[in-house]
Amino acid sequence: MRHLTLTRRRALVLAAAGIGTAVLPAHAAIGIDDARAFVAETVDELFAIARSGQSVDAQRQEFLGLLERRTAIEAIARTCLGVAWRSASDGQKQAYLAAFKTYIARKYGGRFDEFRNAKLEITNARDFGDRGVIVESRGTLENGQSAVVEWGVSDRSGRVLISNIVVEGLSLVTSERELIGGMLERAQGDVDRLVTDLKVAS
């Protein structure tokens, strides 16, 4: 039985701040120790932002920078758009990528207060070959609620990146893919309209 509500899970996803599903081409040479260290460094950076005392806008900007440095954000954006990516023009793709990044940074980077006093402990790591290294951790909120957080780490793009996160069976990228898909459906498949909607969504 799952003990966390969807809202609490999302708060723990924020504490982990990973994005997730396997979205990069197959190949992963990163070792377990390096993957664990990368996740630990990412968590430290996230908590530093959350506890910085900066304005919400400043936190969002720092969070966006972290996403671009440490996650496969563009591959994730393409996955969330689905088949519409292939038929989009170059201009539409660039506009969508920019809007998606800002949407994610605004949606999650503005809610750091939810996990300012959260903790996240790395507990294990497993090598899954071409699927990458899965780093296991446990996130705990200030109210004592906790959940297992699994991170996928890979260097298959040529850089070490977080490409997967699952919190108690909930994949953030799967959730976002469903949301983006619903927005695109309401936009009747119009990518330009989707971009406009993403700019105001949260």
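Residues numbered from 1 in each chain as written. Predicted model: local features only at pLDDT ≥ 70, side-chain atom pairs only at ≥ 80, totals over all residues. Heavy atoms only, no water.

Caption draft 1: Representation of the overall build of the protein within the structure. Helices and strands together make up the secondary structure of the protein, namely eight helices and five strands. Going from N to C terminus, the protein has its helices and strands arranged as α-α-α-α-α-α-β-β-β-β-β-α-α. When the 202 residues of the protein are sorted by exposure, 50% land in the buried category. Considering only contacts within the protein whose residues lie at least 6 apart along the sequence, 65% involve residues at least 24 apart. Per element, the accessible surface of the protein, about 9,600 Å² overall, is 46% carbon and sulfur. (Helix = DSSP H or I, 4+ residues; strand = E, 2+ residues; numbered from the N terminus. Buried < 20%, exposed > 50% of the residue type's maximum accessible area, 1.4 Å probe, protein only. Contact = heavy atoms within 4.5 Å. Areas by Shrake-Rupley, 256 points an atom, 1.4 Å probe, with all protein chains shown as cover.)

Caption draft 2: Inspection of the nonpolar core at higher detail. Counting 53 residues, the largest nonpolar core has Tyr96, Phe100, Val135, Trp151, Ile180, Leu194 and Leu198 as the members making the most contacts within it. Residues within four places of tyrosine 96 in sequence aside, it is in contact with Ala77, Arg78, Cys80, Leu81, Trp85, Ile180, Leu194, Val195 and Leu198. (Core = buried A, V, L, I, M, F, W, Y, C linked by side-chain atoms within 4.5 Å.)

Caption draft 3: Quick peek at the environment of arginine 60. With respect to the element layout, arginine 60 can be found in helix α3 (residues 56-70). In this structure, the C-alpha to C-alpha distance between arginine 60 and lysine 107, residues 47 residues apart in sequence, is 8.8 Å. Not counting residues within four places of it along the chain, the set of residues in contact with arginine 60 comprises Ala105, Arg106, Gly109 and Gly110. A distance of 3.4 Å separates the side chain of arginine 60 from the backbone oxygen of arginine 106, its partner in a polar contact. (Polar contact = N/O pair within 3.5 Å; in protein donor to acceptor, adjacent residues only side chain to side chain.)

Caption draft 4: How the structure looks around the environment of alanine 58. With respect to the element layout, alanine 58 can be found in helix α3. Sequence-wise, alanine 58 and glycine 109 are 51 residues apart; in three dimensions their C-alpha atoms are separated by 9.2 Å.

Caption draft 5: Region of the structure containing the side chain of lysine 93. With respect to the secondary-structure elements, lysine 93 resides in helix α6 (residues 90-109). Among buried Asp, Glu, Lys and Arg side chains, lysine 93 stands out as unpaired, with aspartate 90 the closest opposite charge at 4.6 Å. (Lys, Arg positive; Asp, Glu negative; His and termini not counted. Salt bridge = Lys/Arg side-chain N within 4 Å of Asp/Glu carboxyl O.)

Caption draft 6: Region of the structure containing unusual backbone geometry. Located in the positive-phi region is glutamate 168, a residue other than glycine, with phi close to 50°. With respect to the helices, strands and loops of the structure, glutamate 168 is situated in the loop between β4 (161-167) and β5 (170-171). In the Ramachandran plot, glutamine 188 falls in the positive-phi region, its phi being about 55° despite a non-glycine side chain. By secondary structure assignment, the location of glutamine 188 is in the loop between α7 (172-186) and α8 (191-198).

Caption draft 7: Seen up close, the packing of helix α2 (residues 32-50) against α3. It is the contact of α2 with α3, at a shortest axis distance of 10 Å, that shows an interaxial angle of 170°. The orientation of α2 relative to α3 falls into the category roughly antiparallel. Contacts from Phe38, Glu41, Thr42, Glu45, Leu46, Ile49 and Ala50 in α2 reach Gln59, Glu62, Phe63, Leu66, Arg69 and Arg70 in α3. (Axes fitted to C-alpha atoms, helices over the stretch in contact; angles between N-to-C directions. Parallel < 35°, antiparallel > 145°, perpendicular 65-115°, else oblique.)

Caption draft 8: Local environment of the pairing of strand β1 (residues 119-127). Two elements, β1 and strand β2 (residues 133-140), share eight bridges in a ladder whose sense is antiparallel. Bridge pairing in β2 places aspartate 127 opposite valine 133. (Pairing = 2+ DSSP bridges.)

Caption draft 9: Spatial organisation of the packing of aromatic side chains. Counted under the stated rule, the structure contains three aromatic pairs. Through a chain of ring-to-ring contacts, three or more aromatic side chains come together here, namely Trp85, Tyr96, Phe100 and Tyr103. Across from the ring centre of tryptophan 85, 5.9 Å away, lies the NZ or CZ of arginine 78, which sits over that ring. (Phe/Tyr/Trp six-rings, centres within 6.5 Å; stacked < 30°, edge-to-face > 60°. Lys NZ or Arg CZ within 6 Å of the ring centre and 35° of its normal.)

Caption draft 10: Region of interest: the sheet that holds β2. Taken in spatial order, the five strands of this open sheet run β1-β2-β3-β4-β5, and their pairing is antiparallel. Each edge of the open sheet carries a strand with a single partner, namely β1 and β5. Note that β2 and strand β3 (residues 146-154) share eight bridges and pair antiparallel. Across the sheet, valine 135 pairs through a bridge with tryptophan 151, a residue of β3.

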